[in-house]
Structure formats: C-alpha cells, structure tokens
Amino acid sequence: MSHRVKPVTCTVKAPVYLQIGDKRTNGSGVCVLDISLPFGKPVDIEEIAFKNYYTASVTVRLLRRGAGQDTAAKWTTALRDMTLMDNPHTEGGAQDYYSIHRTQMSVEADNVVTVRLILRQPSSAWMSFTLEELQIFPHVAADPDCDVSDWLSHLNMLDQQPELEGLPDPQTVSSSIQQMWALTEVMKSNQTAASIGRFDVDGRYDLNLLSLS
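Within every chain, residues take consecutive numbers counted from 1 along the sequence as written. Given that the model is predicted, a residue must reach a pLDDT of at least 70 before its local features are reported, and side-chain atom pairs must reach 80 or more before they are shown or counted; all residues, however, enter totals for whole chains, interfaces and linings. Side-chain numbers come from the whole structure's heavy atoms, not from hydrogens or water.

Trainee: Would you mind going over the pattern of salt bridges with me for this structure?
Mentor: Opposite charge on two side chains makes pairing possible when the charged atoms of those side chains draw close. The rule for a salt bridge is simple: a side-chain nitrogen of Lys or Arg has to be within 4 Å of a carboxyl oxygen of Asp or Glu. Within this structure, the stated rule accounts for three salt bridges. Arg 102 is paired through a salt bridge with Asp 110; the nearest N and O atoms lie 3.0 Å apart. In terms of burial, Arg 102 and Asp 110 fall into one category: buried. Only protein chains enter the accessibility calculation, which uses a 1.4 Å probe; a residue whose area is less than 20% of its type maximum is buried, one above 50% is exposed, and one in between is partly exposed.

What follows is the structure, given as structure tokens:
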C-alpha cells in the first residue's frame, strides 16, 4: 500500500504474553504489543498498518493526552476485536497485510502518546502469534486554500491551452485566407477593366451601346 505521508518514528516493544506464575506461555491466547510514539510529541493517527502473523483478532487501545498541559493521559479502547483470521484454526488471513484507519475507531485518534494492541489467538494450533512490520501514519488535515489554488491553476491552464484536437492548423487557415483575399482583389481588378473595355471601340464610345432605346 502506497502512502504520500511518511510513518512516524515509533518504538515497538517486545510482545508480552499472558503469564501464569513466572512462566510465559504462548498457549494462553493473549499477547500485548505496546507502541511508544516520540516523547513529548503526541500524534494524530490516520492509520495503523501491519502484517499479521497468526493473530486471530486485535483490539486497539490508545493512551491520549488531554487538551491541557496538566491533564493526565488516559487509556481508551478505540477498536475492539477486529477479526484478522476468519477461522483461527486455519491459515486464512494468517500472514496478510492489514490497516486500521481512524474512521474505523470509536474515538478520535488524536494526541496519542502510546498505542496498545491486544492480540488474541484462541487456537492451540499455533505456537506463537504477533504482528509484524508495524507502521503508524499521522493524520494531516487538508489545506482548503491549497485545494482552491490548485483548482484555479487548473482552470487557468485550460484557458491558456484550449482543446485544438479536430480543428485545422491555424497557419494553414491564415494562408488560405490570404490567398482568397488576393484572388478577390485580382477578380475586382479584372472586372473593372472588362467593364471599361466593353464601351470603348477603337478609342470612341459606341453610341448604340449607350442608347437607352
């Protein structure tokens, strides 16, 4: 998937599986991935992209900072149990690429300092499961002034470069018009000479031709 916006710099911590006592067991079916965003720079998230590795479903939680500087950041669930594998016991979707867009989340993904992904795999058929190639793309608000400027520039280009397909070449038309004008002048000149000549007989006017009777 191509993006015009570069992903933000982030740190994906090692996966943490549900523990029983002091022993980590992959067979517990639950894994937690924390993604830390740049310190002191909360991010407005547009999209979370990743490649699946045998995870059946994922829940997204966001640690968001409040509007005030002194407001404590709070965890909230943005997306619950998004299905990645239709059947956790088969390999369908097990290694596919996915993306989670901000429009899929139940809360605004703004001022985020940490993303927590809770992975679930109820099937015991897979020894391990996780998400790979994690990337977070920031939300960039569209600039309406730029959109209007681009639209006007496009109209100006259309005005300056009219569609000429199917029309004759301007130079050919200009040359033809000049030839027609020259021919018209010659015809006018010849017509005048002929009119004068028809009444002139040996240097004298023919009275019969001038007679009205």
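Trainee: Hey, could you run me through the environment of Tyr 53 in this one?
Mentor: The helix count covers DSSP runs of H or I at least four residues long, the strand count covers runs of E at least two residues long, and both are numbered beginning at the N terminus. As for its placement among the helices and strands, Tyr 53 is situated in strand S6 (residues 45-53). As a C-alpha pair, Tyr 53 and Thr 130 span 77 residues in sequence and 5.3 Å in three-dimensional space. Here, two residues are considered to be in contact whenever any of their heavy atoms come within 4.5 Å of each other. Tyr 53 has contacts with Ala 94, Ser 128, Phe 129, Thr 130 and Glu 132, leaving out every residue within four places of it along the chain.

Trainee: Explain the sheet that holds strand S11 (residues 130-138) here, please?
Mentor: Think of a sheet as strands paired side by side through backbone hydrogen bonds, with each pair either parallel or antiparallel. Here three strands make up an open sheet; going across it, the order is S9-S6-S11 and the pairing antiparallel. Single-partner strands in this sheet number two, and they are strand S9 (97-101) and S11. Geometrically, the sheet is characterised by an average inter-axis angle of 20° between neighbouring strands, direction not taken into account. Any two strands with at least two DSSP-identified bridges between them are counted as paired. Judged from the seven bridges that link them, S6 and S11 form a sheet pairing that is antiparallel. Across the sheet, the residue bridging to Glu 47 is Phe 137, located in S11. Axis lines are fitted through C-alpha atoms, for helices just across the contact stretch, and the angle between N-to-C directions can take any value from 0 to 180 degrees.

Trainee: Could you clarify how one ought to interpret the nonpolar core in this entry?
Mentor: Side chains of a nonpolar character, in soluble globular proteins, are inclined to be buried together. Take the buried Ala, Val, Leu, Ile, Met, Phe, Trp, Tyr and Cys residues and link them wherever side-chain atoms come within 4.5 Å; each set so joined is a nonpolar core. In this structure, Ile 48, Val 115 and Leu 117 are the most contacted members of the largest nonpolar core, which totals 33 residues. Elements with a minimum of two residues in this core: strand S5 (30-36), S6, strand S7 (57-64), strand S8 (74-83), S9, strand S10 (112-120) and S11. Of all the elements, S10 adds the most residues to this core, at four residues. Not counting the four nearest positions on each side in its chain, Leu 117 is found in contact with Cys 31, Val 32, Leu 33, Ile 35, Val 58, Thr 59, Val 60, Leu 131 and Leu 134.

Trainee: Can you walk me through the environment of Asn 52 in this structure?
Mentor: Mapped onto the secondary structure, Asn 52 falls in strand S6. Residue class for Asn 52 comes out buried when judged on its relative accessible area of 0%. Along the sequence, Asn 52 and Tyr 98 sit 46 residues apart, while their C-alpha atoms lie 7.2 Å from each other. Other than its neighbours up to four places away in sequence, Asn 52 contacts Leu 84, Met 85, Gly 93, Ala 94, Gln 95, Asp 96, Tyr 98, Thr 130 and Leu 131. A polar contact of 3.0 Å, which involves the side chain of Asn 52, links it to the backbone oxygen of Thr 55. The term polar contact refers here to a pair of N or O atoms within 3.5 Å; inside protein, the definition further demands a hydrogen-donor-capable atom paired with an acceptor-capable atom, and it admits residues adjacent in sequence only when both atoms are side-chain atoms.

Trainee: How should I be thinking about the pairing of S7 in this particular structure?
Mentor: When a strand is regular, its side chains alternate between the sheet's two faces. When you tally the buried positions in S7, you get six out of eight residues, the bulk of the element. The sheet contact formed by S7 and S8 spans seven bridges and is antiparallel. The residue of S8 that forms the bridge with Arg 61 is Thr 77.

Trainee: Looking at this structure, I do not really get the side chain of Ser 123. What am I missing?
Mentor: Topologically, Ser 123 is positioned in the loop between S10 and S11. Its relative accessible area of 5% is what places Ser 123 among the buried residues. Polar side-chain contacts of Ser 123 include one of 2.9 Å to the side chain of His 89. In this structure, Ser 123 is in contact with Pro 88 and His 89, ignoring residues within four places of it in sequence.

Trainee: How should the packing of aromatic side chains be read in this particular structure?
Mentor: Each aromatic pair joins two rings of Phe, Tyr and Trp (for Trp, the six-membered one) with centres within 6.5 Å, and gets the label stacked for planes under 30 degrees apart, edge-to-face for over 60, and tilted for any other angle. What the rule picks out here adds up to four aromatic pairs. Seen from their ring centres, Phe 50 and Tyr 98 are 6.1 Å apart, and the 25° between their planes marks the pair as stacked. Of the two residues, Phe 50 is situated in strand S6 and Tyr 98 in strand S9; the sequence distance between them amounts to 48 residues. You'll find Phe 50 and Tyr 98 in the same group, each marked buried. With a centroid separation of 4.9 Å and an interplanar angle of 85°, the aromatic rings of Tyr 53 and Tyr 54 are classed as edge-to-face.

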